[in-house]
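Remarks on the overall topology
Given next are the chains, with one letter for each unit.
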Amino acid sequence: MHKDIEKILYSEQDIKNIVKRLAKEIEKDYNGKDFIMVGLLKGCVSFMVDLMREVNLDFSIDFLAVSSYGNSTVSSGRVNIQKDISTSVDGKHILIVEDIVDSGRTLAFISQYLYAKNATSVKICTLFNKPDRRVTDIDVAYVGSVIPDAFIVGYGLDYAERYRNLPYVGVLKESVYSQDT
Ligand code: 5GP
Ligand code: MG
Ligand code: MG
């Protein structure tokens, strides 16, 4: 285990089981549909790579990178698009792949953005959900696991751009935060 990790919350095997379950749900709902799986960079990377290989359907993939303006505690809900999706979403079903839904502001913005570009439907698949922290009313169709209000890292999720490469998900030691403040 990495020296900065206090505790593992989801092991590699836990995550594999979650991904398999989500893939089955997606297969059932998207069978016969023309859809694009759109990952939100960079947090989606591990999840997207594993999920797309478990979904046994024909679909295309794309990526979107966004950043919130300013600091998250004073986030206005305005989101800056850093890398736009490279294919047309007009008339397509879109499945957004996200690491974690927290306030929901990012996804509320992205859903509106994709509908404005004429997507037929926009659904969200998130590995983790923190419903207690929600400030917008968004519908999350596929949820891997519901977590309490704790800050987690690993499997794509970062703290100051680190720990994304960990194959498991865990909580950081308190000392890591206090060093940085
Ligand atoms: P929101 O739903 O507030 O618009 O933004 C969610 C984003 O905040 C996630 O995609 C993720 O980048 C970040 N985030 C929220 N909770 C956590 C967490 O527990 N750990 C990490 N590493 N990032 C988080
Ligand atoms: Mg994210
Ligand atoms: Mg981050």
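Computed from a prediction, not measured in an experiment: that's the story for all the values here.

**Re the nonpolar core**
The biggest cluster of nonpolar side chains holds 40 residues, and the ones touching the most others in it are Leu-51, Ile-94, Leu-95, Ile-96, Val-97 and Cys-125. Among the elements of the structure, helix H1 (12-30), strand S2 (35-41), helix H2 (45-54), strand S5 (93-101), helix H3 (105-116), strand S6 (121-129) and strand S9 (169-172) are those that each provide at least two residues to this core. Among the elements that line this core, the one with the most residues is S5, at six residues. Setting aside anything within four residues of it in sequence, one finds Leu-51 in contact with Val-19, Leu-22, Ala-23 and Val-97.

**A few points about the confidence of the model for the chain**
Residues of the chain with pLDDT of at least 70 account for 94%, and the chain-wide mean is 93. At the level of chain-chain contacts, confidence expressed as ipTM amounts to 0.94, with global pTM at 0.93.

**Digging into H2**
Within H2, burial applies to Ser-46, Phe-47, Met-48 and Leu-51. Where H2 is buried, its residues contact H1, S2, S5 and S6.

**A look at the site of ligand 1**
The full set close to ligand 1 counts 16 residues, and Asp-102, Ser-103, Arg-105, Thr-106 and Leu-157 are the nearest of them. Residue assignment for the shell around ligand 1 shows that the elements contributing at least two residues are S5, H3 and strand S8 (152-153). It is S5 that contributes the most residues to the shell around ligand 1, four residues altogether. In terms of residue class, the shell around ligand 1 is made up of seven nonpolar, four polar and five charged.

Rules and cut-offs
- Residues numbered from 1 in each chain as written.
- Chains lettered and ligands numbered in written order.
- Predicted model: local features only at pLDDT ≥ 70, side-chain atom pairs only at ≥ 80, totals over all residues.
- Core = buried A, V, L, I, M, F, W, Y, C linked by C-beta atoms within 7 Å.
- Buried ≥ 20, exposed ≤ 12 C-beta atoms within 10 Å, placed from the backbone.
- Helix = DSSP H or I, 4+ residues; strand = E, 2+ residues; numbered from the N terminus.
- Contact = placed C-beta atoms within 7 Å.
- pLDDT = per-residue confidence, 0-100.
- Near = placed C-beta within 6 Å.
- Nonpolar A, V, L, I, M, F, W, Y, C, P; charged D, E, K, R; others polar.

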